[in-house]
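# Structural characterization, general
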Amino acid sequence: MTQYNPKNIEETLKRMEKADELKSIHRSGTNIMSFFDNNDKEHELQKQQSAAEIKKDEYLKSVELLKKLIQENGTQIEFTRILAISHLIESTDFLNIPADRKKMLKENMNWCNKQYEKYLDTQE
């Protein structure tokens, strides 16, 4: 049977104490970890901004296509409305869109879809 060496026990206890001290350090408060936390937050925000810009661009492309169809075949009232919708889209912050603006945008995009279907049916 092997005997315990008091020196090894002493070293083991010191390592355990150091490990406990390291655990008590709040990592996000240290300079390096707060840098990574801030970097992650910034990266997430950039992803959200990119997604919002992509959605805005898709809406604008759809509206531009419909605008051309309405200009060729539609009424002045429809053309005025599609211009207003495109201005609404351009002025909307898709990242921080308020509920009322979101509802208004959805209603207008539904109108656009109906108009688009109407003009596609007339062209066929």
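Conventions and cut-offs
- Starting afresh in each chain, residues are numbered from 1 along the sequence in its written order.
- Per-residue local features of the predicted model are confined to residues with pLDDT of at least 70, and side-chain atom pairs are confined, for both listing and counting, to 80 or more; whole-chain, interface and lining totals are unaffected and use all residues.
- Computation of side-chain values covers all heavy atoms of the structure but excludes hydrogens and water.
- We count a stretch as a helix when DSSP gives it H or I for four or more residues in a row; a strand needs E for two or more, and each element gets its number in order from the N terminus.
- Working rule for contacts: check all heavy atoms of both residues, and any pair within 4.5 Å makes them a contact.
- With residues, only the protein chains shown are counted as cover, and all accessible areas are computed by Shrake-Rupley using a 1.4 Å probe.
- Stacked, edge-to-face and tilted labels apply to pairs of Phe, Tyr and Trp rings (six-membered ring for Trp) whose centres lie within 6.5 Å, assigned for plane angles under 30 degrees, over 60, and everything in between, in that order.
- When accessible area is computed with a 1.4 Å probe and restricted to protein chains, residues below 20% of their type maximum are described as buried, those above 50% as exposed, and intermediate ones as partly exposed.
- Multiplying 1.5 Å by the residue count of a helix minus one yields the expected span of that helix.
- The residues that make up patches have over 30% relative accessible area and no salt bridge, and they are joined within 9 Å when like-charged or within 5 Å when they are Val, Leu, Ile, Met, Phe, Trp or Tyr.
- A side-chain nitrogen of Lys or Arg and a carboxyl oxygen of Asp or Glu constitute a salt bridge if their distance falls within 4 Å.
- His residues and chain termini do not enter the charge count, which takes Lys and Arg as positive and Asp and Glu as negative.
- Where a charge lies is defined by one atom per residue type: Lys uses NZ, Arg uses CZ, Asp uses CG and Glu uses CD.

Right, let's get into the overall build of the chain. Along the backbone of the chain there are four helices and zero strands. Order of helices (α) and strands (β) in the chain, N terminus to C terminus: α-α-α-α. Partitioning the contacts of the chain with sequence separation of at least 6, the portion at a separation of at least 24 is 62%. For the chain, the accessible surface area stands at approximately 10200 Å², while carbon and sulfur atoms represent 53% of it.

Moving on, we get to the packing of aromatic side chains. Inspection of every chain in the model, using the stated rule, returns one aromatic pair. For the pair Tyr59 and Phe94, a centre-to-centre distance of 5.7 Å together with 75° between the ring planes defines the contact as edge-to-face. Placement of the pair is Tyr59 in helix H2 (residues 31–73) and Phe94 in the loop between helix H3 (76–91) and helix H4 (99–123), with a sequence separation of 35 residues. Taking relative accessible area as the criterion, Tyr59 reaches 23% and is therefore assigned partly exposed. A relative accessible area of 13% means that Phe94 is categorised as buried.

Turning our attention to H3. The first and last C-alpha atoms of H3 sit 23 Å apart over 16 residues, in line with the 22 Å expected at 1.5 Å per residue. Burial in H3 covers these residues: Glu78, Phe79, Ile82, Ile85, Ser86, Leu88 and Ile89.

Time to look at a negative patch on the surface. On the surface, Glu10, Glu11, Glu17 and Glu21 cluster together to form a negatively charged patch. Structurally, Glu21 can be placed in helix H1 (residues 6–24). A relative accessible area of 54% places Glu21 in the exposed class.

With that settled, the discussion passes to the pattern of salt bridges. Applying the stated criterion to the full structure yields three salt bridges. The shortest N-O distance in the salt bridge between Glu44 and Lys47 comes to 3.7 Å. Taken together, the residues span about one helical turn, with Glu44 and Lys47 both in helix H2 at a distance of three residues. Looking at Glu44, the relative accessible area reads 37%, which means it is partly exposed. Linking Lys118 and Glu78 is a salt bridge whose minimum nitrogen-to-oxygen distance equals 2.8 Å. Remark: Glu78 occurs in helix H3 and Lys118 occurs in helix H4; sequence separation between them is 40 residues. Relative accessible area serves as the criterion here: at 37%, Lys118 is assigned to the partly exposed category.

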